[in-house]
Amino acid sequence: EDQVTQSPEALRLQEGESSSLNCSYTVSGLRGLFWYRQDPGKGPEFLFTLYSAGEEKEKERLKATLTKKESFLHITAPKPEDSATYLCAVQEGSQGNLIFGKGTKLSVKP
Amino acid sequence: KAGVTQTPRYLIKTRGQQVTLSCSPISGHRSVSWYQQTPGQGLQFLFEYFSETQRNKGNFPGRFSGRQFSNSRSEMNVSTLELGDSALYLCASSSTMDTQYFGPGTRLTVL
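Residues numbered from 1 in each chain as written. Chains lettered and ligands numbered in written order. Predicted model: local features only at pLDDT ≥ 70, side-chain atom pairs only at ≥ 80, totals over all residues. Heavy atoms only, no water.

## Quick notes on the packing of aromatic side chains
What the rule picks out here adds up to 10 aromatic pairs over all chains. Ring centres of Phe100 of chain A and Tyr35 of chain B lie 5.8 Å apart, and the angle between their planes is 85 degrees; on these two criteria the pair is classed as edge-to-face. Here Tyr35 of chain B lies in strand S4 (residues 31-38) and Phe100 of chain A lies in strand S10 (residues 98-100), a pairing that spans two chains. Each residue in the set Tyr36, Phe46 and Phe100 of chain A together with Tyr35, Phe45, Tyr101 and Phe102 of chain B is aromatic and connected to the rest through ring pairs, giving one cluster. Against the face of Phe50 of chain B rests Arg55 of chain B, its NZ or CZ located 4.4 Å from the ring centre. (Phe/Tyr/Trp six-rings, centres within 6.5 Å; stacked < 30°, edge-to-face > 60°. Helix = DSSP H or I, 4+ residues; strand = E, 2+ residues; numbered from the N terminus. Lys NZ or Arg CZ within 6 Å of the ring centre and 35° of its normal.)

What follows is the structure in structure tokens.
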């Protein structure tokens, strides 16, 4: 009964090769959807919060979008320093806890 | 503002022992949540504290417990450690039921 599913599990890109990461969710009463970046041995670093379908947010080479069933994290012209695991999490209804997907491990080669 | 801090950063314990981990939230944040991260299960929610009260609890055995102090600092305790408790334990703080900011984690190894 996976509530948050991320795909692909791993993605290898060449520097400059744009792509998208997917996060699909099956929770009722979505309160918010969150994207985090995690480097090895470190805690997740907050990137974006999305609240409603149609919402978009951007930060440098990253753009997050949200529909009623999924979210995409678009990476434009990635650089090696964008290599990390990207985590998606949802917050449901009145619950404060985050439900995480397993993440997408992104590798960007120069 | 200083970020979320967690101590210690690394711990090695043996089965049957107990352990206490500490978390200091971002100044002004009153909510503290704890998560366990393992390669197989990913990030899983343990519990959340707000104003010294446990507000929400995940699906973990009673060996896992926590508390929050009046200054919002939080501790979690794991008793009777098992090999499967080896994980990265993450603390996150937030000012409302919204964006959570994570600390660097405590790496617990149970031998």
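## Some thoughts on the nonpolar core
Ranked by internal contacts, the top residues of the largest apolar core, which has 24 residues, are Leu33, Trp35, Leu73 and Tyr86 of chain A. For this core, the secondary-structure elements that each account for two or more residues are strand S2 (10-14), strand S3 (19-25), strand S4 (30-38), strand S5 (45-50), strand S7 (62-66), strand S8 (70-75), strand S9 (84-92) and strand S11 (104-109) of chain A. With four residues, the single largest contributor to this core is S9 of chain A. With residues near it in sequence (within four places) discarded, Leu33 of chain A still touches Cys23, Tyr25, Phe48, Thr49, Leu50, Leu66, Ser71, Cys88, Ala89 and Val90 of chain A. With 21 residues, the next largest nonpolar core counts Cys23, Val32, Trp34 and Tyr49 of chain B among its residues. (Core = buried A, V, L, I, M, F, W, Y, C linked by side-chain atoms within 4.5 Å. Buried < 20%, exposed > 50% of the residue type's maximum accessible area, 1.4 Å probe, protein only. Contact = heavy atoms within 4.5 Å.)

## A few points about the pairing of strand S5 (residues 42-50) of chain B
All names here are of chain B. Across the nine residues that make up S5, a large majority, seven, are buried. As judged from the eight bridges shared by S4 and S5, these two strands associate in the antiparallel manner. If you follow Ser33 over to S5, its bridge partner there is Glu48. Following S4, the chain reverses through three residues before pairing antiparallel with S5. Bridge count between S5 and strand S6 (residues 53-57): four bridges; the pairing is antiparallel. Bridging from a neighbouring strand, Phe47 pairs with Lys57 of S6. (Pairing = 2+ DSSP bridges.)

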